[in-house]
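Coordinate analysis (summary)
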Amino acid sequence: MTDASPHDERSAPVGRLVLLRHGATDWSASGKHTGRTDLQLSESGERQARRLAASLSDYHFVLALSSPLQRARRTAELAGLTDVQIEPDLVEWDYGGYEGLTTDEIRARRAGWLLWDDGVVPTADGQHGETASDVAARADRVVRRVLPTLGRGDVAVVSHGHFLRVFTARWLGLEPTAGALFALDTATVSVLGFERERAVIRHWNMPAR
């Protein structure tokens, strides 16, 4: 992985890239790592997702993309996004053998563990999960997909906490592990864009209005 950004900084599309992390689930509320497990939103998460609609009223979306997992698709629906396209690359980090475990539970096995530094372990049946570089490769593909559309207007991306943090690092031309610096809560809005030709963060981790 290089620190090169996946987009060409010589051009500066006028649209805004609006990132939405899905609403809460029972696992996210308890701190469990939720990668590919396809959980529905909790009642609290559904209320959060509905409140996002007011935060999106000032945008003109020409494209809306969502992770295929139901917690993201339902968030997109409740937030009022229409004509949403499913993008498989927007799924959450595959946590391998750490799926469904809290950080404290993982640290009971591996002292001082941090996802960004230490990665994941295989599942009992040998499935290895993903590295930060694996997630970054997916993020780079999404960036390349949305860039041409940003020339026509705003783009919404509905996805998951760790994936969106890696995505933002890659947007800025940083190593994927720099995503550790971008804390992101459920049902929040973050906005990426350009200042002149430089990729920037416009807003970050904004709660629903």
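Described in the following lines is the structure provided in the data block. (Residues numbered from 1 in each chain as written. Predicted model: local features only at pLDDT ≥ 70, side-chain atom pairs only at ≥ 80, totals over all residues. Heavy atoms only, no water.)

1. Notes on the nonpolar core
Core analysis: the largest hydrophobic core is formed by 34 residues, its most contacted members being L17, W93, F163, F167 and W171. Counting only elements with at least two residues in this core, the list comes to β1 (17-21), β2 (61-66), α5 (115-118), α6 (132-150), β4 (154-159), α7 (161-171) and β5 (188-195). Top contributing element to this core by residue count: α6, with 9 residues. Formed by 15 residues, the second largest nonpolar core is a distinct cluster that contains L20, L81, A187 and V191. (Core = buried A, V, L, I, M, F, W, Y, C linked by side-chain atoms within 4.5 Å. Buried < 20%, exposed > 50% of the residue type's maximum accessible area, 1.4 Å probe, protein only. Helix = DSSP H or I, 4+ residues; strand = E, 2+ residues; numbered from the N terminus.)

2. A short note on the pattern of salt bridges
In this structure the tally under the stated criterion is 9 salt bridges. Between E46 and R74 there is a salt bridge whose closest N-O contact spans 3.0 Å. With E46 in helix α2 (residues 43-55) and R74 in helix α3 (residues 70-78), the pair connects residues that are 28 residues apart, well separated along the chain. In this structure R74 comes out as partly exposed when scored by relative accessible area, which is 26%. Among the charged side chains, a network of salt bridges with common partners joins E46, R50, R74 and E77. (Salt bridge = Lys/Arg side-chain N within 4 Å of Asp/Glu carboxyl O.)

3. Considering the environment of G193
Checked against the element boundaries, G193 lands in strand β5. Residue classification places G193 among the buried residues on the basis of a relative accessible area of 4%. Separated by 118 residues in the primary sequence, G193 and T75 have C-alpha atoms spaced 22 Å apart. Setting aside chain neighbours within four positions, we find G193 in contact with W171, R198, A199, V200 and R202. (Contact = heavy atoms within 4.5 Å.)

4. As for the sheet that holds β2
Judged by pairing direction, the sheet is mixed, and its 6 strands sit side by side in the order β3-β2-β4-β1-β5-β6 without closing on themselves. Where the open sheet ends on each side, the last strands, each with one partner, are β3 (85-86) and β6 (198-207). In the sheet, β2 pairs with β4 via 5 bridges, with the strands oriented parallel. Counterpart to L63 in the pairing with β4 is V155. Contacts from α3 reach β1, β2, β3 and β4, with the element oriented near 140° to β4. (Pairing = 2+ DSSP bridges. Axes fitted to C-alpha atoms, helices over the stretch in contact; angles between N-to-C directions.)

5. Overview of unusual backbone geometry
Phi angles above zero are rare outside glycine, and D83 is one such case at about 50°. Tracing the sequence through the fold places D83 in the loop between α3 and β3. D83 gets classed as exposed once you look at its relative accessible area, which sits at 71%. Of note, the phi angle at R196 is positive, near 55°, even though the residue is not glycine. Here R196 shows up in the loop between β5 and β6. Taking the relative accessible area as the measure of exposure, R196 reaches 69% and is therefore exposed.

6. Quick notes on the packing of aromatic side chains
Describing an aromatic ring pair means giving the distance of the ring centres and the angle of the ring planes. Applying the stated criterion across every chain yields a total of 6 aromatic pairs. Measuring from centroid to centroid gives 5.5 Å for W93 and W116, while their planes differ by 80°, and the two rings are edge-to-face. Taken together, the residues W93 in the loop between β3 and α4 (103-109) and W116 in helix α5 connect sequence positions 23 residues apart. For the pair W93 and W116, one class covers both residues: buried. (Phe/Tyr/Trp six-rings, centres within 6.5 Å; stacked < 30°, edge-to-face > 60°.)

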